[in-house]
Amino acid sequence: MPVHIKTADEIAGMRVAGRLAAELLDYLAPHVRPGVTTGRINDLAHRYMLDVQHTIPATLNYAPPGHSPYPASLCTSINHVVCHGIPGERKLKDGDIVNVDVTVIKDGFHGDSSRMFVAGKPSIQAKRLVELTYEAMWRGIRVVRPGARLGDIGAAIQRFAEGQGFSVVREFCGHGIGRQFHEEPQVLHYGRAGTGIELQAGMIFTIEPMINAGRPGIRCLADGWTIVTADHSLSAQWEHTILVTPEGYDVLTVSAGTPPPPAAA
Ligand code: MF3
Ligand code: CO
Ligand code: CO
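An account of the accompanying structure is given in this report. It should be emphasised that the depicted structure is a prediction, and the values quoted were computed from it without experimental measurement.

## Remarks on the packing of aromatic side chains
Scanning the entire structure with this criterion turns up five aromatic pairs. Between the aromatic rings of Y134 and W238, the centroid separation amounts to 4.5 Å while the plane-to-plane angle is 55°, which identifies the pairing as tilted. Of the two residues, Y134 sits in helix α3 (residues 124–141) while W238 sits in the loop between β13 (235–237) and β14 (240–244), which places them 104 residues apart along the sequence. The class for Y134 is buried, based on a relative accessible area of 9%.

Below, the structure written as structure tokens:
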């Protein structure tokens, strides 16, 4: 399947969906604190999507081949959980780091973004992992322009993350997005510069590196969804949906509460 180049109308729809995903994270941010259950965060998000935004939670009952339907309206991934953590009775406690990953559908278009939150006061190591993973995502974003190659993105992320003594999860990647939740291309967060397809204006894809404090290996829990680090080290992730523009890139998942980009290296 070739990579779909979005029309002007599709780009307009994706801008709306992207903004709504970011606004949902803004809305959830003050609720992510010690004592709250991840199930409560999910319930708040679910109601906000349906009642306020009139968006559809793309993850609810999402069932790619070989998977049982995902049972929640967002993913909450705490500490050594890499991604796809299922919200439930677990209460956040002081020092936890948690990724909240939301995907909304508006008028058929998907907006996909995640942020890290810290409950209370994180350890110095946890805070460093969260901040450097944010910078890793941005190192990837800043490579995006027509004529760059997909491998340039992964190479930039990998070089930075490994240079900090961290590791890059290999099994999950960014993805094209539009009317489909996950479309071509796959956006690896590691790789070699100068390899992979050439980026063209009108492509839209996510960049969502999962960075581990320890080794890169992962395993999947018996629920069939929750991915954890094999060595139980901490893991962090951030995600934006990105449009390739004639000049470079545009981040679509932006809102008033989006954290500012890090200073350029
Ligand atoms: N939002 C995730 C992504 O960034 C996908 C979650 S799929 C789910 O691609 F089923 F686990 F929710
Ligand atoms: Co995604
Ligand atoms: Co996501």
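## Overview of the nonpolar core
Core analysis: the largest hydrophobic core is formed by 33 residues, its most contacted members being L129, V144, I153, L199, F205 and I207. When contributions to this core are tallied by element, the ones reaching two or more residues are α3, α4 (150–163), β9 (204–207) and β14. Top element by residues in this core is α3. It accounts for nine residues. Apart from residues lying up to four places away in sequence, V144 is in contact with I153, L199, F205, I207, I242, V244, G248 and Y249. The next biggest cluster of nonpolar side chains, apart from the first, holds 21 residues, and it includes A21, I41, V102 and V104.

The rules behind each value
Residues numbered from 1 in each chain as written. Chains lettered and ligands numbered in written order. Predicted model: local features only at pLDDT ≥ 70, side-chain atom pairs only at ≥ 80, totals over all residues. Heavy atoms only, no water. Phe/Tyr/Trp six-rings, centres within 6.5 Å; stacked < 30°, edge-to-face > 60°. Helix = DSSP H or I, 4+ residues; strand = E, 2+ residues; numbered from the N terminus. Buried < 20%, exposed > 50% of the residue type's maximum accessible area, 1.4 Å probe, protein only. Core = buried A, V, L, I, M, F, W, Y, C linked by side-chain atoms within 4.5 Å. Contact = heavy atoms within 4.5 Å.

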